[in-house]
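Per-entry structural report
Letter by letter, the chains look like this.
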Amino acid sequence: MSSDEDEEAVALVLDVGSYYMSYGVSGEDTPGFTKLATSTLEGTLDGKAPIHKGKLVDKERMDDVIKMAVEDVGIRPEDKYLLMSNPTTMSNEDKAALLDITFEGHSFPGCLTISQASLGLYCSGNSSGICLDIGYHQTTVVPVYEGYPLIGCPSILTSPISGVQIDELMKKLNPTLKGLSDDDMTSIKKGLCQVSETAMSSQIETREFELPDKSKISVGDEARFATELLFSPHHFGVKSPGCQELIYNSLHKVDPDGHKELISSVLPMGGTTRVPGFSKRLELELLGVLNHEFKVLNQSESDKEHMKWIGGSIVAELSTFQEMWVFRSEYEEEGPERMVKKKLLF
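First, a word on what this report is: a plain description of the structure on this page. Please read these numbers as outputs of a predicted model, since none were measured by experiment.

Helix and strand content of the chain: 13 helices and 15 strands. In terms of overall dimensions, the chain is globule-like: its C-alpha atoms have a radius of gyration of 20 Å, near the 20 Å expected for 346 residues. By principal-axis analysis of the C-alpha atoms, the chain measures approximately 65 × 50 × 30 Å. A burial count over the chain gives 54% of its 346 residues as buried. Here the contacts in the chain between residues at least 6 apart in sequence split such that 66% fall between residues at least 24 apart. Here the chain displays about 15,600 Å² of accessible surface, and carbon together with sulfur accounts for 47% of that area. When the 33 basic and 54 acidic side-chain charges of the chain are each reduced to a single mean position, those positions are 6 Å apart.

Here it is as C-alpha cells:
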C-alpha cells in the first residue's frame, strides 16, 4: 500500500463460486462465513449465483453479495479494502465491472481482484504450478508462473466435467436419488463418494445414508462409479479429456523450459477433489502421461475447503502486492478499464 494508506492493510476477502461463497477479514486462517452462492440479504436461498462458468452474470446480485458480506462481518467499508477472487477465465470487461460495483456502490478505499488459481497456489505456499480446479459447473486447468496465470495463451483449458455432472450421473445410476436437492447430493458426495485407484476396482457395498433432513436413502456402487467420470469421461459418452489429460494438454501448450517448475506443484482445487482417493488416483494417472518428475500437492482438509479464500487472506497482508491495489482516487481519475490494464489485474 502507499504510505498514506492504513499500514495494517486489513481487507474484507470475498471468494464467490458457482455454488459456495466465503468471506471474512484478511489475516485470519479461515473465513468468518461460508454460504451457498444463492443466499440473499433477506436470508433466503432463492437468489442467483452472480458468477457462473467464469462469467459475471448478475451485477446486482454481486452488489448484494458484497453488502451481505459487509453486514455479516460487521465492518465499515471505508475502513477496509476489498479483495475479491475471480475465475481465471473471467474477461477484462467483467473485472472492470467488479471495480465499478466496488467503487460506485460501496465506500471501500481500495480494491484488488486476483485469479482463484493464483490464490490457491499462495495458500499452498507456492507461486508457480498447475491448478486443476474442479468446480460445480466446469473444470479449469491453469498454469501459473510466479503468481501470474498464463492468461492469453492456449494453456488455460476448460472442461464440462464438474460436480453437477457427477450428481447427474449418480441419479442416472440410482433413480431413487432423483428429486434430491443440490445440497443433498453434496452431502452424499462428501459422505459416501470415493475414487478408486483403477477403473476396474471392485464394487462397494450398498450403504444407508442420512440426509440433512434426517431422512435416509440407500446408496451403492454409484458412489464410486460416478467419480470415474473425472478420469474416463469417454466411458460415459462425455466428449472431454480426463483430468490427467487436461493437465498434460495444458502443459504442452507452455514453453518446454517451464515444464519442470510447473509440474513440481500440481494443485487440485474444488470440493470434488476432496473425495477420498482423488489425489492418489491423479498421481497414478499422471505417471502414465508425464515424462518429468511431478508433485501433486495435498493440502490439509481445512485448507482444501477454503483454499482460495485463505490465499486471499494471505495476499491481502503481503507488502509485495502494494502496487497491485486499485485505489478509489485512481479509479475515479482513470476509469475501470484502464485500471484493469494498468494494474495487470489477474
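Let us keep going from here.
With that settled, the discussion passes to the packing of aromatic side chains. Scanning the entire structure with this criterion turns up nine aromatic pairs. Judged by centre distance (6.2 Å) and plane angle (70°), the ring pair of Tyr-81 and Phe-327 falls under edge-to-face. On the criterion of sequence distance, the pair formed by Tyr-81 in strand 6 (residues 81–86) and Phe-327 in strand 15 (residues 326–327) is long-range, its members being 246 residues apart. Of the two residues examined, Tyr-81 and Phe-327, each falls in the buried class. Here Phe-231 and Phe-278 contribute two aromatic rings whose centre-to-centre distance is 5.5 Å and whose plane-to-plane angle is 35°, an arrangement assigned as tilted. Of this pair, Phe-231 sits in the loop between helix 6 (222–225) and helix 7 (243–251) while Phe-278 sits in helix 9 (residues 278–287), placing them 47 residues apart in sequence. With a relative accessible area of 2%, Phe-231 lands in the buried category. Among the aromatic side chains, those forming a connected cluster through ring pairs are Tyr-19, Tyr-20 and Tyr-136.

Counted as a void, the largest pocket has a volume near 970 Å³. Lining the largest pocket we find 41 residues, and of these Ile-134, Gly-135, Gly-270, Gly-271 and Lys-308 sit closest to its centre. Residue assignment for the lining of the largest pocket shows that the elements contributing at least two residues are strand 1 (11–16), strand 2 (20–25), helix 3 (116–123), strand 8 (129–134), strand 9 (139–145), helix 5 (182–192), helix 10 (301–305) and helix 11 (307–315). The residue makeup of the lining of the largest pocket, split by class, is 13 nonpolar, 18 polar and 10 charged.

Conventions and cut-offs
- Residues numbered from 1 in each chain as written.
- Predicted model: local features only at pLDDT ≥ 70, side-chain atom pairs only at ≥ 80, totals over all residues.
- Heavy atoms only, no water.
- Helix = DSSP H or I, 4+ residues; strand = E, 2+ residues; numbered from the N terminus.
- Rg over C-alpha atoms; globule rule 2.2 N^0.38 Å.
- Buried < 20%, exposed > 50% of the residue type's maximum accessible area, 1.4 Å probe, protein only.
- Contact = heavy atoms within 4.5 Å.
- Areas by Shrake-Rupley, 256 points an atom, 1.4 Å probe, with all protein chains shown as cover.
- Lys, Arg positive; Asp, Glu negative; His and termini not counted.
- Charge placed at Lys NZ, Arg CZ, Asp CG, Glu CD.
- Phe/Tyr/Trp six-rings, centres within 6.5 Å; stacked < 30°, edge-to-face > 60°.
- 1 Å grid on protein atoms, 1.4 Å probe; cavity = no way out; pocket = protein on both sides within 12 Å on 5 of 7 lines; lining within 4 Å.
- Points joined across faces, edges and corners; volume = space filled by probe spheres on them.
- Nonpolar A, V, L, I, M, F, W, Y, C, P; charged D, E, K, R; others polar.

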